[in-house]
Amino acid sequence: MDDFKCWTCGRPTEYDGEGYWKCSHCNESFYEGYDEDGNPEGGDVLSVYDAALIWVSHGRDEDYMFGYTEEELEDAL
């Protein structure tokens, strides 16, 4: 996963170096065991099905793909 996307608004977040990811758009902050590359370390991950539902509800906007490919999201629907 290149970017850890905000679970609230789907926009990229920034790693604070202490295990937290913060969204500058909606101000949400997350700590789910993700490393600075956005890879889970035992934390929950947004399922491809849930990501597909969010993606479709936002008009298939690439900002709401949560690290999945278009093909993966389409297949999940």
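Residues numbered from 1 in each chain as written. Predicted model: local features only at pLDDT ≥ 70, side-chain atom pairs only at ≥ 80, totals over all residues. Heavy atoms only, no water.

Enquirer: Quick one: what's the story with the overall build of the chain, residue by residue and with numbers?
Expert: In terms of regular secondary structure, the chain is built from 2 helices and 3 strands. Written out in order from the N terminus, the α and β elements of the chain read β-β-β-α-α. Among the 77 residues that make up the chain, the fraction classed as buried is 30%. Carbon and sulfur atoms make up 40% of the accessible area of the chain, which totals about 5000 Å². (Helix = DSSP H or I, 4+ residues; strand = E, 2+ residues; numbered from the N terminus. Buried < 20%, exposed > 50% of the residue type's maximum accessible area, 1.4 Å probe, protein only. Areas by Shrake-Rupley, 256 points an atom, 1.4 Å probe, with all protein chains shown as cover.)

Enquirer: An account of the confidence of the model for the chain is needed here, citing residue identities and associated values.
Expert: Taken residue by residue, the chain gives an average pLDDT of 78. The fraction at 70 or more is 75%. The weakest mean pLDDT in the chain belongs to strand E3 (residues 29–30) at 76; the strongest belongs to helix H2 (residues 70–76) at 93. (pLDDT = per-residue confidence, 0-100.)

Enquirer: Please set out a nonpolar patch on the surface residue by residue, giving values where relevant.
Expert: Among the surface-exposed residues, Tyr49, Leu53, Val56 and Leu77 lie close enough to one another that they form a single nonpolar patch of about 360 Å² accessible area. By relative accessible area, tyrosine 49 is classed as partly exposed at 45%. (Patch = residues over 30% accessible without salt bridge, like charges linked within 9 Å, V, L, I, M, F, W, Y side chains within 5 Å. Salt bridge = Lys/Arg side-chain N within 4 Å of Asp/Glu carboxyl O.)

Enquirer: Before we move on, could you go through the pattern of salt bridges and cite the residues and values that matter?
Expert: Evaluation of the coordinates by the stated rule reveals 1 salt bridge. Residue arginine 60 is joined to glutamate 74 by a salt bridge in which the shortest nitrogen-to-oxygen separation is 3.4 Å. Taken together, the residues arginine 60 in the loop between helix H1 (48–57) and H2 and glutamate 74 in helix H2 connect sequence positions 14 residues apart. Overall, arginine 60 belongs to the partly exposed group, its relative accessible area being 40%. Overall, glutamate 74 belongs to the partly exposed group, its relative accessible area being 32%.

Enquirer: Any details on H1? Residues and values, ideally.
Expert: All of the buried residues in H1 are Ala51, Ala52 and Trp55. For H1, the buried positions fall inside an angular range of 100° around the axis, keeping them on one side. Of the residues one or two after H1, glycine 59 is the one with positive phi, at around 70°. (Arc of directions from axis to C-beta.)

Enquirer: Kindly report on the environment of phenylalanine 30, identifying the contributing residues and their values.
Expert: Here phenylalanine 30 shows up in strand E3. With 24 residues separating them along the chain, phenylalanine 30 and cysteine 6 place their C-alpha atoms 8.1 Å apart.

Enquirer: Talk me through the nonpolar core; I want residue IDs and the actual numbers.
Expert: With 8 residues, the main nonpolar core is built from Leu46, Ala51, Ala52, Trp55, Tyr64, Met65, Phe66 and Leu73. The dominant element in this core, judged by the number of residues it contributes, is H1, at 3 residues. Core analysis: the next-biggest nonpolar cluster, separate from the first, contains 6 residues, Phe4, Cys6, Cys9 and Trp21 among them. (Core = buried A, V, L, I, M, F, W, Y, C linked by side-chain atoms within 4.5 Å.)

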